[in-house]
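Structural overview for review
So you can see what is in the structure, the chains are spelled out below.
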Amino acid sequence: MKRKIWIIIGILSVILAACDGPERATLPPGPSQSWIDAPLDGSTLPLAPYTVVFHGASFIGVTEFEVQINGSVIAAVPPISQGSGGAVYGTLFLGEYNWVPQSPGTYLITVRAKGNGVYAPPDQVQVTIKGGKDIDLPAEAPQQPMAVVEDCIYTALNNLFCREGPGAFYDPIDNFTPGQSAPIVGQSTDGIFWYVIGPNYGVVCTVPKAPEFGQATGNCDNQPRFTPIPPPSPTPTKKPKPKATSCPAGVPCPP
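The next thing to look at is the pattern of salt bridges. Should their charged atoms come close, side chains of opposite charge can pair. A full pass over the atoms with the stated rule returns one salt bridge. Between Arg112 and Glu66 there is a salt bridge, with its nearest N and O atoms 2.8 Å apart. Taken together, the positions of Arg112 in strand E8 (residues 105-115) and Glu66 in strand E4 (residues 64-69) put the pair 46 residues apart, joining distant regions of the chain.

So this is what it looks like as structure tokens:
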């Protein structure tokens, strides 16, 4: 009798297992994409801190971004914000990493997003870091009349370009590293930039007066104001001709 009961229980177990319905759905795949917004591939950057910006797209979430420099993992950072990516991308996650390159050279930056323990395919950009003697000098370095005041000194607080004119649109012709100093010989007409004798090449160049970049010490109140050299001419770009949406009867529309 007991044997019959166990046989019946076994048959019922098989029937219940067969009626358990479809298999449970598996977890969705990991993040679908990773990409680097800045810097752009092939960029040339100064020897200074740079904020690398990147995104990940996922339907299940991104818990962190892995950042590699030349194949070595240097950080795993969480997303700082998110937004809708629509039906194609799910949710977009934004991340940033404040990278401080240690020396001039060529660097490969790799970023990949991670969600549910799965990494998205990585994105990579290659950049060149220039500083010190790696800066390309123009054929003729600009010169300005100067009267050096020995007790007026500029000291950089960050890695900083020294440009041939007062503004970011002028080319760099020298650079500073943190703690590096140079004599101040003048200031811009608007009083926003110092003219200094570049620490590496001895040519006159400009640095911003803003305190986050550097400090001026000594008797700097009566520095002469220099008229800047003309700024570089912008490269003209051709604007595409708008296409006609309709043309008179019998007249063919331009391509």
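Now that the structure has been shown, the text picks up again.
Bringing the state of the cysteines into the picture now. With the rule as written, the count across this model stands at two disulfides. Between Cys162 and Cys205 runs a disulfide, and the two sulfur atoms are separated by 2.0 Å. With the S-S bond torsion at 95°, the cross-link from Cys162 to Cys205 turns out right-handed. Pair noted here: Cys162 is in strand E12 (residues 160-163) and Cys205 is in strand E16 (residues 204-208), with a separation of 43 residues, a long-range link. Residues Cys162 and Cys205 agree in their burial class; the two are buried.

What follows concerns the nonpolar core. Grouped together as the largest cluster of nonpolar side chains are 21 residues, with contacts concentrated most on Phe54, Phe65, Tyr97, Trp99, Ile109 and Val111. At the level of elements, strand E3 (50-58), E4, strand E5 (72-77), strand E7 (90-99), E8 and strand E10 (123-130) are the ones that each hand at least two residues to this core. At four residues, E8 tops the list of elements feeding residues into this core. In this view, Val111 contacts Ser34, Ile36, Phe54, Phe65, Glu66, Val67, Pro122 and Asp123; residues no more than four positions away in its chain are not counted.

Considering the arrangement of structural elements, one finds Ile80 in the loop between E5 and strand E6 (81-85). Look at Ile80 and you get exposed, because its relative accessible area is 51%. Expressed as a C-alpha distance, the spacing of Ile80 and Glu64, which sit 16 residues apart in the sequence, is 9.7 Å. The contact partners of Ile80, leaving out residues within four places of it in the chain, are Leu94, Gly95 and Glu96.

Scanning all chains against the criterion turns up five aromatic pairs. Residues Trp99 and Tyr107 carry aromatic rings whose centres are separated by 5.2 Å and whose planes lie at 75° to one another, so their mutual orientation is edge-to-face. Residue Trp99 shares its accessibility class with Tyr107, and that shared class is buried. Sitting over the face of the ring of Tyr119, Arg112 holds its NZ or CZ atom 3.7 Å from the ring centroid.

It is worth spelling out the sheet that holds E7 at this point. If you trace the four strands from one edge of the open sheet to the other, you get E1-E3-E7-E6, paired in antiparallel fashion. Of all strands in the sheet, those with a lone pairing partner are strand E1 (33-38) and E6, marking the two edges. Put simply, the sheet's adjacent strands are angled 25° from each other on average, direction ignored.

All right, on to the pairing of E12 then. For a regular strand, side-chain orientation follows a simple rule: the groups alternate between the two sheet faces. Side chains Leu160 and Cys162 project from E12 onto one buried face, and the interleaved Phe161 and Arg163 project onto a second face that is buried too. By the bridge criterion, four bridges tie E12 to strand E13 (residues 172-176) in an arrangement that is antiparallel. The partner of Cys162 across the bridge, within E13, is Asp174.

As a further point, take unusual backbone geometry. Between Ala38 and the following residue, Pro39, the backbone shows a cis peptide bond with an omega angle of 5°. With respect to the helices and strands, Pro39 occurs in the loop between E1 and strand E2 (44-46). Although it is not a glycine, Asn70 sits at a positive phi angle of roughly 50°. Position of Asn70 among the secondary structure elements: in the loop between E4 and E5. Although it is not a glycine, Asn116 sits at a positive phi angle of roughly 60°. Structurally, the position occupied by Asn116 is in the loop between E8 and strand E9 (118-119). Residue classification places Asn116 among the partly exposed residues on the basis of a relative accessible area of 45%.

Definitions and limits used
- Residues numbered from 1 in each chain as written.
- Predicted model: local features only at pLDDT ≥ 70, side-chain atom pairs only at ≥ 80, totals over all residues.
- Heavy atoms only, no water.
- Salt bridge = Lys/Arg side-chain N within 4 Å of Asp/Glu carboxyl O.
- Helix = DSSP H or I, 4+ residues; strand = E, 2+ residues; numbered from the N terminus.
- Disulfide = S-S within 2.5 Å.
- Buried < 20%, exposed > 50% of the residue type's maximum accessible area, 1.4 Å probe, protein only.
- Core = buried A, V, L, I, M, F, W, Y, C linked by side-chain atoms within 4.5 Å.
- Contact = heavy atoms within 4.5 Å.
- Phe/Tyr/Trp six-rings, centres within 6.5 Å; stacked < 30°, edge-to-face > 60°.
- Lys NZ or Arg CZ within 6 Å of the ring centre and 35° of its normal.
- Pairing = 2+ DSSP bridges.
- Axes fitted to C-alpha atoms, helices over the stretch in contact; angles between N-to-C directions.

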